[in-house]
Amino acid sequence: MQKGAGLSDLPNVVPAALEVPDFSRLNAPNLQHKPRILMLYGSLRERSYSRFLTLEGQRLLEAFGAEVRVFHANGLPLPNDAPDTHPKVQELREAMLWSEGQVWTSPERHGAMSAVMKAQIDWIPLPGGAIRPTQGRTLAVMQVSGGSQSFNAVNQMRILGRWMRMVTIPNQSSVAKAFQEFDDDGRMRPSSYYDRVVDVMEELVKVTLINRGVSGYLTSRYSERKETAAKLEERVGIKSI
């Protein structure tokens, strides 16, 4: 492990935990399987525009070469209102671990993402303290609104994605007056809104291809390496007594 020339001027740094970024470790391996994308949406309505938008995204992702799973939250209990062994909770957690990238789509409810959307994320455990099962996975966010265009839900989901340590892509989709944008069969009509969805799905696949295989290195943090080194030192010290 090479150290920077100025390490002697950093008395507060633990040398064993400090790593100089190495470009060679950012070369993504040539993985043979398709990019694995999990899609969540935040509505249980029979005619759900967030589900329609999710399914449009699924069609595009598959056209771009991805393998897609759509999680349907029907039957998912409220967080902590059922044991972790509940079948829907297990289905969601398994899909989270399977995924390399995700799409979150929510209606805007009272200026925020829906409770259905948030509940799905709140079922994700936080094993190992700060380490999250979503850490390092790519994320795209989309929302639908009943009225004029808004960005409240996508902005909230971006904050949530950061909290879950995901690599959220710059592009996003916000579909205003969603009831006008889908036909009777739930297919999205041609529009600039549709074109933006194409952009978002294309960008997600590209970033996922770059990110997968190196996300562990990208999300490796000095503070966590320092904590791990301290625990190792303590354990070895105890054994030597």
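For the structure itself, consult the block above.
Okay, so let's go over this structure. These figures come from a predicted structure and were not determined experimentally.

## Brief notes about the layout of surface pockets
Piece 1. Size it by volume and the largest pocket reaches roughly 190 Å³.
Piece 2. Around the largest pocket sit 13 residues that line it, and Arg45, Tyr49, Pro107, Val144 and Gly146 are the ones nearest its centre.
Piece 3. Looking at the lining of the largest pocket, the elements that each hand over two or more residues are helix H1 (49-63) and strand S3 (101-109).
Piece 4. Residue contributions to the lining of the largest pocket peak at 3 residues, all from S3.

## Side note on the nonpolar core
Soluble, globular proteins show a tendency: their nonpolar side chains are buried together.
Piece 1. Core analysis: the largest hydrophobic core is formed by 25 residues, its most contacted members being Leu53, Leu61, Val103 and Met201.
Piece 2. Mapped by element, the contributors of at least two residues to this core are strand S1 (36-41), H1, strand S2 (67-71), strand S5 (138-144) and helix H5 (192-211).
Piece 3. For Met201, the contacting residues outside a window of four places in its chain are Gly57, Leu60, Leu61, Phe64, Val103 and Met142.
Piece 4. Grouped together as the second largest cluster of nonpolar side chains are 23 residues, Leu38, Leu40, Ile124 and Leu139 included.

## Digging into the pattern of salt bridges
Any two side chains of opposite charge can pair, on the condition that their charged atoms come close.
Piece 1. With the rule as written, the count across this model stands at 11 salt bridges.
Piece 2. The shortest N-O distance in the salt bridge between Lys88 and Glu91 comes to 3.4 Å. Pair noted here: Lys88 and Glu91 are both in helix H2 (residues 87-98), with a separation of 3 residues, about one helical turn.
Piece 3. The exposure class assigned to Lys88 is buried, which follows from its relative accessible area of 16%.
Piece 4. According to the relative accessible area criterion, Glu91 is partly exposed, its value standing at 38%.

## Topic: the pairing of S1
Piece 1. Most of S1 is tucked away: 5 of the 6 residues are buried.
Piece 2. Pairing geometry for S1 and S2, over 5 bridges, is parallel. If you follow Arg36 over to S2, its bridge partner there is Glu67.
Piece 3. Handedness of the S1-H1-S2 crossover: right-handed.
Piece 4. Sheet analysis places S1 next to S3, joined by 5 bridges and oriented parallel. Looking at S3, one finds that Leu40 is bridged to Trp104.

## Describing the packing of aromatic side chains
Both the distance between ring centres and the angle between the ring planes are used here to describe each pair of aromatic rings.
Piece 1. Taken as a whole and assessed by the stated rule, the structure comprises 3 aromatic pairs.
Piece 2. Ring geometry for Tyr49 against Phe52: centres 6.0 Å apart, planes inclined by 80°, an arrangement best described as edge-to-face. Placement of both Tyr49 and Phe52 in helix H1 is noted, with a separation of 3 residues, approximately one turn of the helix. You'll find Tyr49 and Phe52 in the same group, each marked buried.
Piece 3. When the ring of Phe52 is compared with that of Phe182, the centres are 5.8 Å apart and the planes differ by 45°; the resulting orientation is tilted. Taken as a pair, Phe52 in helix H1 and Phe182 in the loop between strand S7 (173-175) and H5 lie far apart in primary sequence, 130 residues in all.
Piece 4. With relative accessibility at 2%, the residue Phe182 sits in the buried group.
Piece 5. Sitting over the face of the ring of Trp98, Arg69 holds its NZ or CZ atom 4.1 Å from the ring centroid.

## Considering the packing of H1 against H5
Piece 1. One way to put it is that H1 packs onto H5 with a least axis distance of 9 Å and a crossing angle of 50°. Regarding the angle of H1 to H5, the classification is oblique. The element H1 and its partner H5 pack so that their crossing is right-handed. Here Leu53, Glu56, Gly57, Leu60 and Leu61 of H1 lie close against H5, whose contacting residues are Tyr194, Val197, Val198, Met201, Leu204 and Val205.
Piece 2. In terms of residue class, the contact of H1 with H5 is built from 9 nonpolar, 1 polar and 1 charged.

## Brief notes about the environment of Glu67
Piece 1. In this fold, Glu67 is placed in strand S2.
Piece 2. In this structure, the C-alpha to C-alpha distance between Glu67 and Pro35, residues 32 residues apart in sequence, is 6.0 Å.
Piece 3. With near-sequence residues (within four places) excluded, Glu67 lies in contact with Lys34, Pro35, Arg36, Ile37 and Trp98.

Rules behind the numbers
- Residues numbered from 1 in each chain as written.
- Predicted model: local features only at pLDDT ≥ 70, side-chain atom pairs only at ≥ 80, totals over all residues.
- Heavy atoms only, no water.
- 1 Å grid on protein atoms, 1.4 Å probe; cavity = no way out; pocket = protein on both sides within 12 Å on 5 of 7 lines; lining within 4 Å.
- Points joined across faces, edges and corners; volume = space filled by probe spheres on them.
- Helix = DSSP H or I, 4+ residues; strand = E, 2+ residues; numbered from the N terminus.
- Core = buried A, V, L, I, M, F, W, Y, C linked by side-chain atoms within 4.5 Å.
- Buried < 20%, exposed > 50% of the residue type's maximum accessible area, 1.4 Å probe, protein only.
- Contact = heavy atoms within 4.5 Å.
- Salt bridge = Lys/Arg side-chain N within 4 Å of Asp/Glu carboxyl O.
- Pairing = 2+ DSSP bridges.
- Right-handed = clockwise from strand over helix to strand, strands pointing away.
- Phe/Tyr/Trp six-rings, centres within 6.5 Å; stacked < 30°, edge-to-face > 60°.
- Lys NZ or Arg CZ within 6 Å of the ring centre and 35° of its normal.
- Axes fitted to C-alpha atoms, helices over the stretch in contact; angles between N-to-C directions.
- Parallel < 35°, antiparallel > 145°, perpendicular 65-115°, else oblique.
- Left-handed = near helix turned anticlockwise from the far one by under 90°.
- Nonpolar A, V, L, I, M, F, W, Y, C, P; charged D, E, K, R; others polar.

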